[in-house]
Amino acid sequence: MSFISMVLVVIVAFLAGMGGILDEFQFHQPLVACTLIGLVTGNLEAGIILGGSLQMIALGWANIGAAVAPDAALASVASAIILVLGGQGTSGVPSAIAIAVPLAVAGLVLTMVVRTLAVPIVHFMDSAAEKGNIRGVEMWHMVAVAMQGVRIAIPAAALLVIPANVVQGALESMPVWLTDGMAIGGGMVVAVGYAMVINMMATREVWPFFAIGFAVAAISELTLIALGVIAVALALIYLHLSKTGGGSSNGGGGGNTGDPLGDILNDY
């Protein structure tokens, strides 16, 4: 791996660490972090496959208040780096997934350490606020968030200095029963995570869209853009029918022209 690639990997790790707490730009999501690391290291296909697999596992994870979900940032970054250093390509994805699961738990320990170190920073911010020093408050705020980025960047840099042959040997020495077991366990976690999402989102209005989505997803010729267009079109039709009271000519919508498509486009 070149020096430039290593620097870019550390930058991605830093952004992922901050994203895991900010929950704004989603750099910590496995599909994003693993894909970016695969891109900057020349292993884009393997990164996308690993990211997609881990994303399904992390589907039901979410930070709720002070309760932090298993650390998807460290799991994504570290497993992607190990996958790249292992040199096995897409065939090494199951081993990387097996490593990612315990790393997600280990990341919680690191974020607890960082949050403990951030306690004095809160007092510094309070002191600056009492003095009316807004720039001081902002500066300490950025320091606290940057600490979360360093929390992921340092382990990533440490992994990068490990010789690739050592990582490859360690991956090859993993017994088949372990990698297969973790793959099966990861599949079960995927099902649980997806069930959690459905339980939160499922309503009478949403179920038809779930059914349509599963049916349309089976058509392999459709691209992601085509699926997105279909989803937007269905959403617009649903919103229009809701506004017009189910599409009746004399109800609720008041301005129907007799042209359903024209009515939809005029509304938006």
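Because the structure is predicted, anything quoted here is derived from the model rather than measured.

## So, the overall build of the protein
Within the protein one finds 11 helices and 0 strands. Beginning at the N terminus, the succession of helices and strands in the protein can be written as α-α-α-α-α-α-α-α-α-α-α. Residues counted as buried form 32% of the 268 residues belonging to the protein. Residue pairs in contact within the protein that sit at least 24 positions apart in sequence constitute 70% of those at least 6 positions apart. For the protein, the exposed surface amounts to about 15,200 Å²; the carbon and sulfur share of it is 72%.

## A closer look at the packing of helix 2 (residues 30-40) against helix 3 (residues 44-57)
Put simply, helix 2 and helix 3 touch, their axes get as near as 7 Å, and they point 165° apart. Considering their axes alone, helix 2 and helix 3 lie roughly antiparallel with respect to each other. Once helix 2 is placed against helix 3, the crossing between them reads as right-handed. The segment helix 2 lies against helix 3, with P30, L31, C34, T35, G38 and L39 engaging L44, G47, I48, L50, G51, G52, L54 and Q55. Residues belonging to the contact of helix 2 with helix 3 are distributed by class as follows: 8 nonpolar, 6 polar and no charged.

## Considerations on helix 2
If you check which residues of helix 2 are buried, you get P30, A33, C34, T35, I37, G38 and V40. Packed against the buried residues of helix 2 are helix 1 (3-22), helix 3 and helix 4 (72-86). In the segment just after helix 2, G42 is the residue with positive phi, at about 80°.

## A few points about a nonpolar patch on the surface
A surface patch of nonpolar side chains, about 490 Å² in accessible area, is lined by F3, I4, V7, L8 and I11. With respect to the helices and strands, I4 occurs in helix 1.

## Points about the packing of aromatic side chains
Aromatic ring pairs are defined here through the distance separating the ring centres and the angle between the ring planes. Using the criterion set out here, one finds 1 aromatic pair in the structure. Measuring from centroid to centroid gives 4.9 Å for F124 and W140, while their planes differ by 40°, and the two rings are tilted. Of this pair, F124 sits in helix 5 (residues 93-130) while W140 is found in helix 6 (residues 134-160), placing the two residues 16 residues apart along the sequence. With relative accessibility at 25%, the residue W140 sits in the partly exposed group.

## Side note on the nonpolar core
Judged by nonpolar contacts, the single largest core of 32 residues is most densely connected at I37, L50, L54, V77 and I81. Secondary-structure elements contributing two or more residues to this core are helix 1, helix 2, helix 3, helix 4, helix 5 and helix 6. With 10 residues, helix 4 is the single largest residue contributor to this core. With residues near it in sequence (within four places) discarded, V77 still touches A13, A16, A33, I37, I152 and A156.

## Quick look at the confidence of the model for the protein
Atom-level detail of predicted coordinates should not be read off regions where pLDDT is low. Counting all residues, the mean pLDDT for the protein is 78, and 79% of those residues have values of 70 or more. Within the protein, the lowest mean pLDDT, 54, falls on helix 11 (residues 260-267), and the highest, 90, falls on helix 2. Long-range and interchain partners of residues 247-254, a stretch whose pLDDT sits below 50, account for 8 contacts in this model, where long-range means more than four residues apart.

## Quick look at the environment of M6
Its location among the elements puts M6 in helix 1. What makes M6 partly exposed here is its relative accessible area of 23%. Expressed as a C-alpha distance, the spacing of M6 and I37, which sit 31 residues apart in the sequence, is 9.5 Å. Once residues lying within four places of it in the same chain are set aside, the contact partners of M6 are M1 and L160.

## Re the side chain of T35
Counting through the fold element by element, T35 comes out in helix 2. Here L31 takes part through its backbone oxygen, which lies 2.4 Å from a polar atom of the side chain of T35. Once residues within four sequence positions are removed from consideration, T35 is found in contact with P30, L44, G47 and I48.

## Looking at the environment of A104
Among the structural elements, A104 can be located in helix 5. What makes A104 buried here is its relative accessible area of 2%. For the pair A104 and L74, spaced 30 residues apart in sequence, the C-alpha to C-alpha distance is 6.3 Å.

## Focus on the packing of helix 4 against helix 5
Running from N to C, helix 4 and helix 5 point in directions that differ by 145°, and their axes come no closer than 7 Å. As for how helix 4 packs across helix 5, the hand of that crossing is right-handed. Counted together, L74, A75, A78, S79, I82 and L83 of helix 4 and V93, A96, I99, A100, L103, A104, A106, G107 and L110 of helix 5 form the full contact between these two elements. Within the contact of helix 4 with helix 5, the residues separate by chemical class into 13 nonpolar, 2 polar and no charged.

Parameters at a glance
Every chain is numbered on its own, with residues counted from 1 as its sequence reads. The predicted nature of this model means local features are confined to residues of pLDDT at least 70 and side-chain atom pairs, given and counted, to a pLDDT of 80 or more, with totals for whole chains, interfaces and linings taken over all residues. Derived side-chain values reflect all non-hydrogen atoms in the structure, with water molecules and hydrogen atoms excluded from consideration. Only runs of H or I of at least four residues qualify as helices and only runs of E of at least two qualify as strands under DSSP, and these elements are numbered from the N terminus. The buried label applies to any residue whose accessible area, calculated with a 1.4 Å probe on protein chains only, is under 20% of its type's maximum; exposed applies above 50%, and partly exposed to all values in between. Throughout, a residue-residue contact means that at least one pair of heavy atoms, one from each residue, lies within 4.5 Å. For accessible areas, the Shrake-Rupley method is used with a probe of radius 1.4 Å. Any residue's cover is judged against the shown protein chains and nothing else. Axes here refer to lines fitted to C-alpha atoms; in helices the fit is confined to the stretch in contact. Angles between the N-to-C directions go from 0 to 180 degrees. Just so you know how the angles are binned, under 35 degrees is roughly parallel, over 145 roughly antiparallel, 65 to 115 roughly perpendicular, and the rest oblique. Should the near helix be turned counterclockwise from the far one by less than a right angle, the crossing is left-handed, whereas a clockwise turn marks it as right-handed. Any residue that is not Ala, Val, Leu, Ile, Met, Phe, Trp, Tyr, Cys, Pro, Asp, Glu, Lys or Arg is counted as polar, Gly included; the first ten are nonpolar and the last four charged. Only residues whose relative accessible area exceeds 30% and that take part in no salt bridge are eligible for patches, with like-charged residues grouped when within 9 Å of each other and nonpolar side chains (Val, Leu, Ile, Met, Phe, Trp, Tyr) grouped when within 5 Å. Salt bridges are identified by distance alone: a Lys or Arg side-chain nitrogen within 4 Å of an Asp or Glu carboxyl oxygen. Aromatic rings from Phe, Tyr and Trp, with only the six-membered ring used for Trp, were paired whenever their centres fell within 6.5 Å, and each pair was classed as stacked if the ring planes differed by under 30 degrees, edge-to-face if by over 60, and tilted otherwise. Grouping buried Ala, Val, Leu, Ile, Met, Phe, Trp, Tyr and Cys residues that are joined through side-chain atoms within 4.5 Å yields what is termed a nonpolar core. pLDDT is defined as a per-residue confidence score from the predictor, taking values between 0 and 100. Pairs of N or O atoms within 3.5 Å make up the polar contacts considered here, provided that, within protein, one atom can donate a hydrogen while the other can accept it, and that residues adjacent in sequence are counted only when both atoms are side-chain atoms.

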